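# Coordinate analysis (summary)
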Amino acid sequence: MTTIEIDGLTKRFGSVLAVDDLRFGVPEGAVTGLLGPNGAGKTTTLRMLLGLVSPSAGTATIGGVPYARLTDPVHAVGAVLEASSFHPSRTARDHLRVVASAARIPTARVDELLEQVGLAGDATRRVGGYSLGMRQRLGLATALLGNPAVLVLDEPTNGLDPAGVRWLRDLIRSLGREGRTILVSSHLLAEVAQTVDHVVIIDRGRLVTAAPLAELATSAQPGVAVRTPDTARLRAALAAAGIAVDDNGPDRIVALGASPEAVGRAVAAAGVIVYEMSLVGASLEDAFLRLTTPEEITQ
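To keep things clear, this report deals only with the structure shown in the data block. (Residues numbered from 1 in each chain as written. Predicted model: local features only at pLDDT ≥ 70, side-chain atom pairs only at ≥ 80, totals over all residues. Heavy atoms only, no water.)

## A few points about the overall build of the chain
Rule in force here: A run of DSSP states H or I qualifies as a helix once it reaches four residues; a run of E qualifies as a strand once it reaches two. Both are numbered from the N-terminal end. Burial classes follow relative accessibility: with a 1.4 Å probe on protein chains only, a residue under 20% of its type's maximum area counts as buried, one over 50% as exposed, and anything between as partly exposed. We call two residues in contact whenever any of their non-hydrogen atoms come within 4.5 Å of each other. With residues, only the protein chains shown are counted as cover, and all accessible areas are computed by Shrake-Rupley using a 1.4 Å probe. The convention is simple: Lys and Arg are positive, Asp and Glu are negative, and His and the chain ends are not counted. Here the site of a charge means atom NZ of a Lys, CZ of an Arg, CG of an Asp or CD of a Glu.
The secondary structure content of the chain amounts to 12 helices and 13 strands. Principal-axis analysis of the C-alpha atoms gives the chain an extent of 75 × 45 × 35 Å. Out of the 299 residues belonging to the chain, those deemed buried represent 44%. Summarising the internal contacts of the chain: among those between residues at least 6 apart in sequence, 70% fall at separations of at least 24. Summing over all exposed atoms, the chain offers an accessible surface of approximately 14,400 Å²; the carbon and sulfur share of this is 50%. Measuring between centres, the 28 positive side-chain charges of the chain sit 5 Å from its 31 negative side-chain charges.

As structure tokens, then:
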């Protein structure tokens, strides 16, 4: 069984606590999104998982084994952490051939992957002349050389144009359907919502939540958004009707979990002017912001 387990993982850089007693699991054969604000500790967590950074405490294992103790890491785990670790004078084909030779992978696999990631037409160009998006594609090809059961991808859409982002989304879905265990970090919540099965959210190095995507989206209540110049009176009327509210700007509030009919009655009872009223749905972005935005900012 090829699962990823993070247990009590902690990392200090001097006085900075980057990852704090982090605990979560990545289920086998699923695509899991690792989300968090900038500086949340996502990249540090992935680097500890791959043995590039030593933890201050705790463990990170793949199939029950730390990465450094895997007997055949190239065939077990593929990873894309950054798109700049290529020799600029080598061509894409030569880069992949060098890695394949070191891992005793047939060279036929090189051209197969160049085709798969859309670089077949640029295979003889030097990597130094590649765009960031092209280097991301080459990094993914490198990660897939050993046909690994586990993929670890850190912000893989960086540098990709909209067509490239869609291509990557489809590829990740396809790889997931093959039964691979995939952990992907990203700040593009809309893309993650269309790609992953499970979500892990961390903030300031600590776990906020880990849940199936459908369960997390359900926890972000849908409701009715109302734009009015008198939010205070409407908020009071909604509260009197037992309806919870959430501020959404200086002249806009959201009645959580309420129907338009219930909100309409409260509007009439309060006698307030309404400029606009619309249904709002639950989304991964709603859940993410609710779980990671400091309370003092939302008040």
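Having seen the model, we can carry on.
## Thoughts on the sheet that holds strand β9 (residues 206-212)
Defined as follows: Strand pairing requires that DSSP identify at least two bridges connecting the strands. Here an axis means a line fitted to C-alpha atoms, over the contact stretch when the element is a helix, while the angle between two N-to-C directions is reported on a 0 to 180 degree scale.
Overall, mixed pairing links the 6 strands, which are arranged β5-β6-β7-β3-β8-β9 in an open sheet. The open sheet terminates on both sides in strands that have one partner only, identified here as β5 (77-80) and β9. Along the sheet, successive strands turn relative to each other by an average axial angle of 15°, direction set aside. Taken together, the 5 bridges between strand β6 (residues 150-154) and strand β7 (residues 181-185) define a ladder with parallel strand orientation. Looking at the pairing, L153 lines up with V184 of β7. Across the sheet, helix α5 (residues 132-144) touches β5 and β6, and the angle it forms with β5 is around 170°. Contacting β3 (31-35), β6 and β7, helix α6 (residues 162-177) crosses the sheet at an angle of about 150° to β7.

## Some words on the packing of aromatic side chains
Using the following cut-off: When the centres of two rings from Phe, Tyr and Trp lie within 6.5 Å, Trp using its six-membered ring, the rings pair. Their planes under 30 degrees apart give stacked, over 60 give edge-to-face, and anything left gives tilted. Charge over a ring is defined by NZ of Lys or CZ of Arg lying within 6 Å of the ring centre and within 35 degrees of the ring normal.
Counted by the stated rule, this structure contains 0 aromatic pairs. Here K11 stacks its cationic end above the ring of F13, 5.2 Å away from the centre of that ring. One residue, R137, lies across the ring of W167, its end atom 4.2 Å from the ring centre.

## Observations concerning the packing of helix α3 (residues 92-102) against α5
A pair of packed helices is characterised by two quantities: the angle between their axes and the separation of those axes. We apply this condition: Should an angle fall under 35 degrees it is taken as roughly parallel, and over 145 as roughly antiparallel, whereas 65 to 115 is taken as roughly perpendicular and any remaining angle as oblique. Each crossing gets its handedness from the near helix: less than a right angle anticlockwise from the far helix is left-handed, clockwise is right-handed. By the convention adopted, Pro, Cys, Tyr, Trp, Phe, Met, Ile, Leu, Val and Ala count as nonpolar, Lys, Arg, Asp and Glu as charged, and the other residues, Gly among them, as polar.
In the contact formed by α3 and α5, the axes pass within 10 Å of each other and the chain directions differ by 25°. Relative to α5, α3 is oriented roughly parallel. For the element pair α3 and α5, the recorded crossing hand is right-handed. Taken together, the residues of α5 that come into contact with α3 (itself represented by A92, H95, L96 and V99) are L138, A141 and T142. Here the residues of the contact of α3 with α5 sort into 5 nonpolar, 2 polar and no charged.

## Some points on the pattern of salt bridges
Under the convention used in this document: The working definition used for a salt bridge is a side-chain nitrogen of Lys or Arg within 4 Å of a carboxyl oxygen of Asp or Glu.
Taken as a whole, this structure holds 12 salt bridges when the rule is applied. Its salt-bridge partner being R173, residue D170 comes within 3.9 Å of it at the nearest N-O pair. On the criterion of helical spacing, the pair formed by D170 and R173 is a turn pair, its members being 3 residues apart in helix α6. Judged by its relative accessible area of 31%, R173 falls in the partly exposed class. The partner of E276 in a salt bridge is R227, and the shortest N-O contact between them spans 3.4 Å. With E276 in strand β13 (residues 276-280) and R227 in strand β10 (residues 223-227), this residue pair connects regions lying 49 residues apart in the sequence. Judged by its relative accessible area of 38%, E276 is partly exposed. Residues joined in a network through salt bridges with shared partners are D7, D21 and R23.

## Let's talk about unusual backbone geometry
For N147, which is not glycine, the phi torsion reads 50° and is therefore positive. Classification of N147 by relative accessible area gives partly exposed; the value is 47%. Despite not being glycine, E155 shows a phi value in the positive range, around 50°. Mapped onto the secondary structure, E155 falls in the loop between β6 and α6. Take E155: its relative accessible area is 14%, and that puts it in the buried class.

Spatial relationships are all this shows, so hold off on functional conclusions.
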